[in-house]
Amino acid sequence: MTGNFNIESIIDAAVESISNALEDQEVNLDSEASEDNGSIAYGKVSYIVDGDTLDVILEEGGKERIRILMVDTPETVKPGLKEPEPFGPEATEFAKAILTDQRVKLEFDKERYDRYGRTLAYVYLESGEMYNEMLLAEGLAHVVVFKPNNKYEQRFREIEKAAQDARIGIWSTQ
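Residues numbered from 1 in each chain as written. Predicted model: local features only at pLDDT ≥ 70, side-chain atom pairs only at ≥ 80, totals over all residues. Heavy atoms only, no water.

Student: A description of the pairing of strand β5 (residues 103-107) should follow, citing residues and the corresponding values.
Tutor: With respect to burial, β5 is a largely interior element, four of its five residues being buried. Where strand β1 (residues 40-50) meets β5, five bridges bridge the pair, whose relative direction is antiparallel. Bridging from a neighbouring strand, lysine 44 pairs with arginine 103 of β5. Pairing analysis gives three bridges linking β5 to strand β6 (residues 119-124), with the strands arranged antiparallel. Each bridged residue has a counterpart across the sheet, and for glutamate 107 the counterpart in β6 is tyrosine 122. (Buried < 20%, exposed > 50% of the residue type's maximum accessible area, 1.4 Å probe, protein only. Helix = DSSP H or I, 4+ residues; strand = E, 2+ residues; numbered from the N terminus. Pairing = 2+ DSSP bridges.)

Below is the structure:
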């Protein structure tokens, strides 16, 4: 079978690798007892800007524009952008399908705001899955690190590599 490959087996292997990485991160949204409450917040997603930016109405009051930490999706809305970048619309639709009107847990890293005033966060679904990881696993984002916010860098790079190896999403054209 030299030269032949089974894309399904490659995808299955990538999904298994990603699933194993995600299993290590089961999170109960209501389990706050051992957490520093200053580094965690809860809210409901009210608007999706694009694949890596959303608005959340916080349970403690107020609304925040959230920039998903350590991932970057292709652009769809940006001043001067004439047309969306490849896989940008897919990342936005993925965000809408997964996050719209959902209760989420926001985990903050060392720096809470970016230079545009957006809140930087890792975003968890009620199932315990981290949305940042889901984007990477689907090949809809790549890892981007702005230190000192790099808490999950190694794990994110492993998930990104699995998506690259499986040639999923943005990695399918390379």
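Student: Describe in detail the pattern of salt bridges, supporting the description with residues and values.
Tutor: Within the structure shown, the criterion is met by eleven salt bridges. The residue glutamate 93 makes a salt bridge to lysine 96 at a minimum N-O spacing of 3.8 Å. One end of the pair is glutamate 93 and the other is lysine 96, both in helix α2 (residues 88-99) and three residues apart, which spans about a single turn. Exposure remark for lysine 96: the relative accessible area of 36% places this residue in the partly exposed category. (Salt bridge = Lys/Arg side-chain N within 4 Å of Asp/Glu carboxyl O.)

Student: Give a description of the pairing of β6 that names residues and reports values.
Tutor: Most of β6 is tucked away, with six of its six residues classed as buried. Burial along β6 is two-sided: Thr119, Ala121 and Val123 and Leu120, Tyr122 and Tyr124, pointing in opposite directions, are all buried. Across three bridges, strand β3 (residues 63-68) lies against β6 in parallel orientation. The residue bridging arginine 67 from the neighbouring strand is leucine 120, located in β6.

Interpretation in functional terms is not warranted from these geometric data alone.
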